[in-house]
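Read off the chains here:
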Amino acid sequence: MAKTEEPTIIKKYANRRLYNTGTSTYVTLEDLAEMVKNEEDFVVFDAKSGDEITRSVLTQIIFEQENKGQNLLPIAFLRQLIRFYGDSMQNLVPSYLEFSIDSFKREQTKLREQMSQAFGATPFEAMEEQVRRNSEMFERAMRMFLPPFGAGVDAAARPKTEEGAGGTELDTLKQQVAEMQKRLDAIANKG
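Residues numbered from 1 in each chain as written. Predicted model: local features only at pLDDT ≥ 70, side-chain atom pairs only at ≥ 80, totals over all residues. Heavy atoms only, no water.

What follows is about the overall build of the chain. Scanning the chain from terminus to terminus reveals 6 helices and 4 strands. Tracing the chain from N to C terminus, the helices and strands come up as β-β-β-α-β-α-α-α-α-α. For the chain, the proportion of its 191 residues judged to be buried stands at 17%. Put simply, of all contacts in the chain between residues at least 6 apart along the chain, 41% involve residues at least 24 apart. Roughly 15,400 Å² of accessible area belongs to the chain as shown, and the carbon and sulfur atoms make up 57% of that amount. (Helix = DSSP H or I, 4+ residues; strand = E, 2+ residues; numbered from the N terminus. Buried < 20%, exposed > 50% of the residue type's maximum accessible area, 1.4 Å probe, protein only. Contact = heavy atoms within 4.5 Å. Areas by Shrake-Rupley, 256 points an atom, 1.4 Å probe, with all protein chains shown as cover.)

Following this line, the structure appears as structure tokens:
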């Protein structure tokens with residue numbers, strides 16, 4: 001459906017069915033959620049009373065998404081939001097939230113553009129690459145704390161390497177951790 005200047009009219013009937021007057025079809029809350037994601041504007045009216053009920057339908061869409069396990073709203077946020085009802089700050093909250101979400105959207109767009117320019121890739125690819133680099137750096141840092149082979153370890157206790165009896169790097173690390181634990185236990189028993 002092409003974007004238009006005028007919002008699409010959706011009518012909600014007593015049987016809870018939603019009717020899109022633009023396409024002359026019945027729609028679901030999921031269809032309305034897709035319209036929102038596609039930035040298609042719509043207004044929902046109660047078919048019987050003619051009252052505008054867009055806010056309650058949008059809230060219902062959020063409720064449905066949260067029930068599907070797609071939790072976006074933290075519990076602390078929801079509790080604080082409930083506390084604002086009836087509070088003297090209630091009138092300021094909607095404009096503050098609108099401003100905040102607009103700012104977040106602008107910053108998100110800027111970040112995506114910067115990531116694309118800097119890495120020539122999508123943000124997720126760039127983040128995956130950064131995670132990989134961080135993991136490698138962490139592994140190198142951990143190796144600095146491991147004793148070198150042979151330092152206080154007799155030949156029988158030395159881990160077997162890949163060239164040796166088919167051991168793996170993981171086996172080597174396990175052996176080193178076990179040796180460190182023995183040393184720590186010995187130090188603890190002395191004190």
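Turning to the nonpolar core, a few remarks are in order. Core analysis: the biggest nonpolar cluster contains 12 residues, these being Ile-10, Leu-18, Val-27, Leu-29, Leu-32, Ala-33, Met-35, Phe-42, Val-44, Ile-53, Val-57 and Ile-61. Among the secondary structure elements, those contributing two or more residues to this core are helix H1 (29–37), strand E4 (42–46) and helix H2 (54–67). No other element matches the 4 residues that H1 contributes to this core. Apart from residues lying up to four places away in sequence, Val-27 is in contact with Leu-18, Asn-20 and Leu-32. (Core = buried A, V, L, I, M, F, W, Y, C linked by side-chain atoms within 4.5 Å.)

Where H1 meets H2, the closest approach of the two axes is 10 Å, and the angle between their N-to-C directions is 100 degrees. By the angle class used here, H1 and H2 are roughly perpendicular. Facing H1, whose interface residues are Leu-29, Leu-32, Ala-33 and Val-36, H2 presents Val-57, Leu-58, Gln-60, Ile-61, Glu-64 and Gln-65. Here the contact of H1 with H2 is composed, by residue class, of 7 nonpolar, 2 polar and 1 charged. (Axes fitted to C-alpha atoms, helices over the stretch in contact; angles between N-to-C directions. Parallel < 35°, antiparallel > 145°, perpendicular 65-115°, else oblique. Nonpolar A, V, L, I, M, F, W, Y, C, P; charged D, E, K, R; others polar.)

Turning next to the confidence of the model for the chain. The predicted coordinates ought not to be read in detail in places where the model reports low pLDDT. Summarising the model, the chain shows a mean pLDDT of 80, and 79% of its residues fall at 70 or more. The spread of mean pLDDT over the elements of the chain runs between helix H5 (residues 123–145), the lowest at 70, and E4, the highest at 97. Every residue in residues 150–155 is under pLDDT 50, and counting partners more than four places away or in other chains gives 7 contacts. With pLDDT under 50 throughout, residues 157–165 is counted as low confidence; its partners more than four residues away or in other chains account for 14 contacts. (pLDDT = per-residue confidence, 0-100.)

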